[in-house]
Amino acid sequence: MRPSQGRRPLLALAPMLVLVVGCGGAADAGGNAADAGPLATTKPLGDVLPAGPKSLDVFAEGDAVDVLVAVEDEAGLKLLHTHSTDGGATWRAATRVDAAGPTPHRPSFHSAPQIARVGEQLVAVWTTGGTGFMGRGPMASARSRDGGATWRSGPAPAAKPERGGQGFIDLASGPEGDLHLVWLGKRPDTIGNKGIYYARSGDHGASWSEPKAVDTHACECCATRLVTGSDGALYTLYRDIDPRDMSVAKLAAGDSWTRLGYAGAFAWAFDGCPHVGGGLLAVGPPEQRSLHAVVWTGETEAQGVYYVRSTDDGATWHPPQRVTDDPAIHADITGSAEFLVAAWDTRTDDGGAVYVAASRDDGAHWSAPVTISDAATKASLPRVVLTRGGVLMLWLEQRQDGDVLNARLLQDTDLDSN
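What counts and what doesn't
Residues numbered from 1 in each chain as written. Predicted model: local features only at pLDDT ≥ 70, side-chain atom pairs only at ≥ 80, totals over all residues. Heavy atoms only, no water. Pairing = 2+ DSSP bridges. Helix = DSSP H or I, 4+ residues; strand = E, 2+ residues; numbered from the N terminus. Buried < 20%, exposed > 50% of the residue type's maximum accessible area, 1.4 Å probe, protein only. Salt bridge = Lys/Arg side-chain N within 4 Å of Asp/Glu carboxyl O. 1 Å grid on protein atoms, 1.4 Å probe; cavity = no way out; pocket = protein on both sides within 12 Å on 5 of 7 lines; lining within 4 Å. Points joined across faces, edges and corners; volume = space filled by probe spheres on them. Nonpolar A, V, L, I, M, F, W, Y, C, P; charged D, E, K, R; others polar. Axes fitted to C-alpha atoms, helices over the stretch in contact; angles between N-to-C directions.

Caption draft 1: Quick peek at the sheet that holds strand β2 (residues 64-73). Ordered in space as β1-β2-β3-β4, the 4 strands form an open sheet in which the pairing is antiparallel. The open sheet has two edge strands with one neighbour each: β1 (53-61) and β4 (95-96). Judged from the 8 bridges that link them, β1 and β2 form a sheet pairing that is antiparallel. Among the inter-strand pairings, P53 is bridged to a residue of β2, identified as V71.

Listed below in structure tokens is the structure:
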């Protein structure tokens, strides 16, 4: 995000960031992270996860962080879970999630297997193979009752077969302990190739409700995002079809979804799927709720990543702010009523880099972007989650000796410094 003209950036992040242990030195391209003082750092996820990740999902609550990745070796694809109890500073040895269930089908960072936690109960959901487009089939699930130490097969969240397969899912848990799931699929009420659908579980994934339509006409293959408010209200961000802008819908009381308009109305007319989703965040109590999104558009005159906010629970949306003049594509956002942190990637001469910026006034003004990744690596696909100690950022790093997941812990007290 660009700071407002004539105003000093709210947060000066550059002197507050350090590279994690084992990542090959401090980053200084586009920021001054090399000048940073000592901070708590995370161990590389490569200590507990093998190289070559095919997908990533991360779930955080308090100091607990769960990471689910798909990896492939000579034995084939498999899902692995690792857990941190200190906000991402240290990680437990990875466990196999799908050993008793169907193999994930073509997992990717755009259509990733998903994970969510309620206490010691964990649920993972992923797409399996079938007869749909690109060989997609129904969803499968696995459950853990001991915090991820052991896993067993769970039920298919949408048991009745759907034409065209089920994919591009997102999974969230609500304040009452329910699990919530959205996905792209084709059902009898679907208009066109895909719609976005929703199901709920009130028993930690032992059973799921009948699917309900969020929007029966949606883009076929862009990642969805599902978030909960403090009162249990649900919000989903997905790419619409005509135009191919990002829409937001809300589920409050009952099972009916209400569309809240476009998070960035670019009127992008495009006959195809760009395979790019976005990030969404709901902040504050219902009567003071603000919604924050980071979205990408391919509209010719406006191509790039934008930050968009609503200060009236989605009734109206402020004009979008471009995060950078560089060719940014993938983005994510996290935070609270006290501060927001957005992350995105850009293409560079060396391949790619990931950045962050922060706001302390509900998105009205943002700090100058700071580079997080090492200039010598190709970095992309960042994710950010809020922990009790601050913000944990994860991203994909492509190296000559194999792709790896990297992570850095940004403490909120440092983000608040000036």
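That was the structure; now back to the text.
Caption draft 2: Structural view of the pairing of strand β26 (residues 390-398). Among the 9 residues of β26, 8 are classified as buried, and the element is accordingly described as predominantly covered. Pairing of strand β25 (residues 378-387) with β26, which is carried by 8 bridges, proceeds in the antiparallel orientation. Bridging from a neighbouring strand, T387 pairs with G390 of β26.

Caption draft 3: Here's a closer look at the pattern of salt bridges. In the structure shown here, the tally under the stated rule is 15 salt bridges. Between R244 and E220 there is a salt bridge; the shortest N-O distance is 3.0 Å. Pair noted here: R244 is in the loop between β14 (234-239) and β15 (246-251) and E220 is in the loop between β12 (212-218) and β13 (225-228), with a separation of 24 residues, a long-range link. E220 shares its class with R244; the two are buried. Residues participating in the shared-partner salt-bridge network are D57, R225, D332 and R383.

Caption draft 4: How the structure looks around the layout of surface pockets. Taken as a whole, the largest pocket holds about 950 Å³ of empty space. In terms of lining, the largest pocket is formed by 37 residues, of which the most central are A60, V227, T228, L281 and T334. Looking at the lining of the largest pocket, its residues break down into 18 nonpolar, 12 polar and 7 charged. Computed from the structure, the second largest pocket encloses a volume of approximately 200 Å³. For the second largest pocket, the full set of lining residues is H105, R106, P107, S108, H110, S111, T127, M134, R136, F168 and H275. Broken down by class, the residue content of the lining of the second largest pocket amounts to 3 nonpolar, 6 polar and 2 charged.

Caption draft 5: Structural context of the sheet that holds strand β9 (residues 167-173). Reading across the sheet, the 4 strands line up as β9-β10-β11-β12 and stay open at both edges, with antiparallel pairing between neighbours. The open sheet terminates on both sides in strands that have one partner only, identified here as β9 and β12. When the angles between neighbouring strand axes are averaged without regard to direction, this sheet yields 15°. With 7 bridges joining them, strand β10 (residues 179-185) and strand β11 (residues 194-201) adopt antiparallel strand pairing. Note on β11: the bridge partner recorded for L181 is A199.

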